[in-house]
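Tertiary structure, described
Chain residues, written in single-letter form:
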Amino acid sequence: MIGILIVAHSERLASGVKEFADQATHGQVPIVAVGGAVDGSLGISTEAIRNGLRRIASADGILVLVDFTSAALSVEAVLEDEPAMRVVISNAPLVEGAYLAAVEASIGATLEETAAAALRGRDLIKAPSDRRARYQ
Amino acid sequence: MEERVVRIRHPFGLHARPAADFYRKTREFRSRITVRNITRRSSVELPVSLLNLLQLGAAQGHQVLIRAEGEDEREAVAALAALLDQLAAEE
């Protein structure tokens, strides 16, 4: 099974997204949440990202969900020293992407399938009353 | 073709965890399964996917039409209706 790493600038944000995804999958998917700087303030810690990736590293791969671009850049920087890891950094929105990816991973999807599921979160219509909304 | 209208009794509606459980159950069958929230007039019949389940906007009390077509259509509809009952009972 693939693993999911959630990276956000706030520890509480990352943990909250993990809590949501864990509940949807009954805790079946390895999910690690990383957030905040080393001193606990808002920010990103590359050391925490490295440790998080190592905790869920497997042959099946890791999908990374981020809140903003600088989180993705930090993950890319860490991966330069980890050439053996199979990792995809997703452009999906964080909450939707983590939820969709976790459920897909829970039914044994591949890294590619899970990454595709996460990206569909971009098209999610949340307000059915919006008449301009187009269902896929 | 097999279809059934079910009333959503789960207090959160068919979202988040119940939607995920429903989606996982649909993957156990080969039939083509669609869902439609008949309580919302604007709702259209959608092929089952996790994204579409979230988009149904199916709240507690709404009626959802489950339709299946294929070799295991009867089993699929029965299992999905039973799952929704079970999820509501767990709350």
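Coordinates for the structure precede this section.
Reading guide: rules and limits
- Throughout this description, residue numbers start from 1 for each chain and increase along the sequence as written.
- Chain letters start at A and ligand numbers start at 1, both assigned in the order the entries are written.
- It should be noted that, the model being predicted, local features are given only for residues of pLDDT at least 70 and side-chain atom pairs only at 80 or more, the latter also being counted only at that level, while totals for whole chains, interfaces and linings use all residues.
- Put simply, DSSP marks the helices as runs of H or I at least four residues long and the strands as runs of E at least two long, and each gets a number from the N terminus on.
- Computation of the radius of gyration draws on C-alpha atoms, with the globule rule given as 2.2 Å multiplied by the number of residues to the power 0.38.
- Here exposure depends only on C-beta density: within 10 Å of a residue's C-beta, 20 or more other C-beta atoms make it buried, 12 or fewer make it exposed, and intermediate numbers make it partly exposed, the C-beta atoms being placed from the backbone.
- By the criterion used throughout, residues are in contact when their C-beta atoms, derived from the backbone, lie within 7 Å.
- Any residue that is not Ala, Val, Leu, Ile, Met, Phe, Trp, Tyr, Cys, Pro, Asp, Glu, Lys or Arg is counted as polar, Gly included; the first ten are nonpolar and the last four charged.
- In a helix, the anticipated span is given by 1.5 Å times the number of residues less one.
- For this quantity, the arc is that covered by the directions from the helix axis to the C-beta atoms.
- A set of buried residues qualifies as a nonpolar core if it consists of Ala, Val, Leu, Ile, Met, Phe, Trp, Tyr and Cys joined through C-beta atoms within 7 Å.
- Two strands make a pair as long as DSSP finds a minimum of two bridges between them.
- The path from the first strand over the helix to the second decides the hand: if it runs clockwise while the strands point away from the viewer, the crossover is right-handed.
- Here an axis means a line fitted to C-alpha atoms, over the contact stretch when the element is a helix, while the angle between two N-to-C directions is reported on a 0 to 180 degree scale.
- By definition, turning the near helix anticlockwise from the far helix through less than a right angle yields a left-handed crossing, and turning it clockwise yields a right-handed one.

**Here we look at the overall build of chain B**
- Broken down by element type, chain B carries 3 helices and 4 strands.
- The N-to-C order of helical and strand elements in chain B reads β-α-β-β-α-β-α.
- For chain B, whose C-alpha radius of gyration is 12 Å, the value lies close to the compact-globule estimate of 12 Å for 91 residues.
- Within the span of chain B, comprising 91 residues, buried residues form 38% of the whole.
- In chain B, of all internal contacts separated by at least 6 residues, the share reaching a separation of at least 24 is 72%.

**As for the interface of chain A and chain B**
- Opposite the 13 residues of chain A that make contact, chain B presents 15 residues.
- Elements represented by at least two residues in the side of chain A that touches chain B include exactly α1 (11-24) and α4 (94-106) of chain A.
- Split into classes, the residues belonging to the side of chain A that touches chain B amount to 8 nonpolar, 3 polar and 2 charged.

**Some thoughts on helix α3 (residues 73-90) of chain B**
All names here are of chain B.
- Here α3 spans 26 Å end to end across 18 residues, near enough to the 26 Å set by a 1.5 Å rise per residue.
- The set of residues buried in α3 consists of Ala76, Val77, Leu80, Leu84 and Leu87. One face of α3 carries all of its buried residues, which in axial projection span an arc of 95 degrees. In α3, those exposed residues whose orientation departs by more than 90 degrees from the buried face are Ala82, Gln86, Ala89 and Glu90.
- Its buried side turned inward, α3 meets β1 (2-7), α1 (16-26), β2 (32-37) and β4 (63-69).

**Concerning the nonpolar core**
Residues and elements named next belong to chain A.
- One finds Ile4, Ile6, Val7, Leu65 and Ala102 to be the most contacted residues of the largest nonpolar core, which totals 64 residues.
- If one sorts the elements of this core by residue count, α4 sits on top with 8 residues.
- Not counting residues up to four positions away in its chain, the partners in contact with Leu65 are Ile4, Ile6, Ser90, Ala92, Leu94, Gly97, Ala98, Ala101 and Ala118.

**Focus: the pairing of strand β1 (residues 3-8) of chain A**
Residues and elements named next belong to chain A.
- Counting buried positions over the 6 residues of β1 gives 6, a clear majority of the element.
- Side chains Gly3, Leu5 and Val7 of β1 all project onto a buried face; the interleaved residues Ile4, Ile6 and Ala8 project onto the opposite face, where all are buried too.
- Bridge count between β1 and strand β2 (residues 31-35): 5 bridges; the pairing is parallel. Along β2, the bridge assignment pairs Ile4 with Ile31.
- As a crossover connection, the stretch from β1 through α1 into β2 is right-handed.

**Side note on the pairing of β2 of chain B**
Residues and elements named next belong to chain B.
- Here β2 pairs with β4 via 6 bridges, running antiparallel. Residue pairing in the sheet places Val35 in a bridge with Ile66 of β4.
- Two strands pair when backbone bridges link them, and β2 and strand β3 (residues 46-47) are joined in this way by 2 bridges, in the antiparallel orientation. Pairing of Val35 across the sheet is with Leu46, part of β3.

**Digging into the packing of α4 of chain A against helix α5 (residues 111-119) of chain A**
Residues and elements named next belong to chain A.
- Contact geometry for α4 and α5: axes closest at 7 Å, N-to-C directions at 145 degrees. Note that α4 runs across α5; the crossing there is right-handed. Contact residues: Gly97, Leu100, Ala101, Glu104 and Ala105 in α4; Glu113, Thr114, Ala117 and Ala118 in α5.
- A per-class count over the contact of α4 with α5 returns 5 nonpolar, 2 polar and 2 charged.

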